[in-house]
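Spelled out, the chains give:
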Amino acid sequence: MIEADKKREQIIEGAIKRFSHFGIGKTTMNDIAEDLSVSKPSLYYYFPDKRSLIVGVIEKVFTDYFDRLKKKYNPDATLETVLFQTIDIRNTFFMKYFMLRISEGLPDIFNDDQMKKKLTALKDSEKEFYAEIFERAQRNGEIKHENMAHVAELYLESLMGLTNMCIMELGKDLLPDKKAVNKMTQKQKDLSSIFTKGLKC
């Protein structure tokens, strides 16, 4: 990793810590510069404003998430086993980054065209990865469907719905405890079992 990339990573890591602890809305670029003992011009060289730093944080979290998914993916495992493993990874990240709550810090962030483009690309990458999981299961004779991209989209939206229900039940200011996340995880795994059985040949 070249020095510029290393410095950029350090700033993003510092921002994640600060955002998670104090919230995005209450964090200033000055706070992050002070935390990292870097000059404001140096910080603004890598991230010209808070919005661009938030984009960097989102990309970092998603990149780490995808790297973990791909590293743990075992194409020889059954579809249900693979889905269960991806749920465990998703919910580990959910717990780790829950307090970022980006939309609360900057409510209009998702109306930004640049942000929409980035998020669409990230979501498309996730859908492609899951479509490949379902396609491989079909090649192995486990399931059958004419459109695995559609299956992947439905599956991910279902998981997100259960996640959103968990967040709503927790309330606005609470950190999810292990019991709440375990309950959500079990529901997602139950859904995955039903989903897999519904696709059987």
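Residues numbered from 1 in each chain as written. Predicted model: local features only at pLDDT ≥ 70, side-chain atom pairs only at ≥ 80, totals over all residues. Heavy atoms only, no water.

1. Brief notes about the UniProt feature "DNA-binding region" (unreviewed entry) in the protein
Then, in step 1: Using the residue numbers shown here, the UniProt feature "DNA-binding region" (unreviewed entry) corresponds to residues 28-47.
Then, in step 2: Segment residues 28-47 splits into 75% helix and 0% strand. End C-alpha atoms: 13 Å apart. (UniProt positions renumbered as here; feature names shortened; annotations may be inferred. Helix = DSSP H or I, 4+ residues; strand = E, 2+ residues; numbered from the N terminus.)

2. Examining a positive patch on the surface
Then, in step 1: Taken together, the side chains of R68, K71, K72 and K96 present a region of like positive charge at the surface.
Then, in step 2: By residue number, the principal contributor to the positive patch is helix 4 (residues 50-72), which donates 3 residues.
Then, in step 3: Tracing the sequence through the fold places K96 in helix 5 (residues 79-97). (Patch = residues over 30% accessible without salt bridge, like charges linked within 9 Å, V, L, I, M, F, W, Y side chains within 5 Å. Areas by Shrake-Rupley, 256 points an atom, 1.4 Å probe, with all protein chains shown as cover. Salt bridge = Lys/Arg side-chain N within 4 Å of Asp/Glu carboxyl O. Lys, Arg positive; Asp, Glu negative; His and termini not counted. Charge placed at Lys NZ, Arg CZ, Asp CG, Glu CD.)

3. Considerations on the pattern of salt bridges
Then, in step 1: Applying the stated rule across the entire model yields 10 salt bridges.
Then, in step 2: Residues K189 and D88 are paired through a salt bridge, measuring 3.0 Å at the closest nitrogen-oxygen approach. Of this pair, K189 sits in helix 9 (residues 178-198) while D88 is found in helix 5, placing the two residues 101 residues apart along the sequence.
Then, in step 3: For D88, a relative accessible area of 36% translates into the label partly exposed.
Then, in step 4: Here E153 and K127 are joined by a salt bridge, their closest N and O atoms 3.6 Å apart. (Buried < 20%, exposed > 50% of the residue type's maximum accessible area, 1.4 Å probe, protein only.)

4. Let's talk about the packing of aromatic side chains
Then, in step 1: The tally for this structure, following the rule as stated, stands at 11 aromatic pairs.
Then, in step 2: Here the aromatic rings of Y65 and F93 are separated by 5.8 Å at their centres, their planes lie at 70 degrees, and the arrangement is edge-to-face. A residue pair is termed long-range when its members are at least 10 positions apart, and Y65 in helix 4 and F93 in helix 5 qualify at 28 residues. The burial state of Y65 is the same as that of F93; both residues are buried.
Then, in step 3: A connected cluster of aromatic rings, assembled from ring pairs, spans Y73, F129, Y130, F134, Y155 and F195. (Phe/Tyr/Trp six-rings, centres within 6.5 Å; stacked < 30°, edge-to-face > 60°.)

5. What about unusual backbone geometry?
Then, in step 1: Non-glycine residue S37 carries a positive phi angle of around 55 degrees.
Then, in step 2: Residue position: S37 is located in the loop between helix 2 (29-36) and helix 3 (40-46).

6. Some thoughts on the environment of V151
Then, in step 1: Here V151 is to be found in helix 8 (residues 148-170).
Then, in step 2: Linking V151 and L199, residues 48 residues apart in sequence, is a C-alpha distance of 9.3 Å.

7. Comments concerning the environment of T81
Then, in step 1: Along the polypeptide, T81 turns up in helix 5.
Then, in step 2: Of the residues examined, T81 reaches a relative accessible area of 44% and is grouped as partly exposed.
Then, in step 3: Linking T81 and K189, residues 108 residues apart in sequence, is a C-alpha distance of 9.7 Å.

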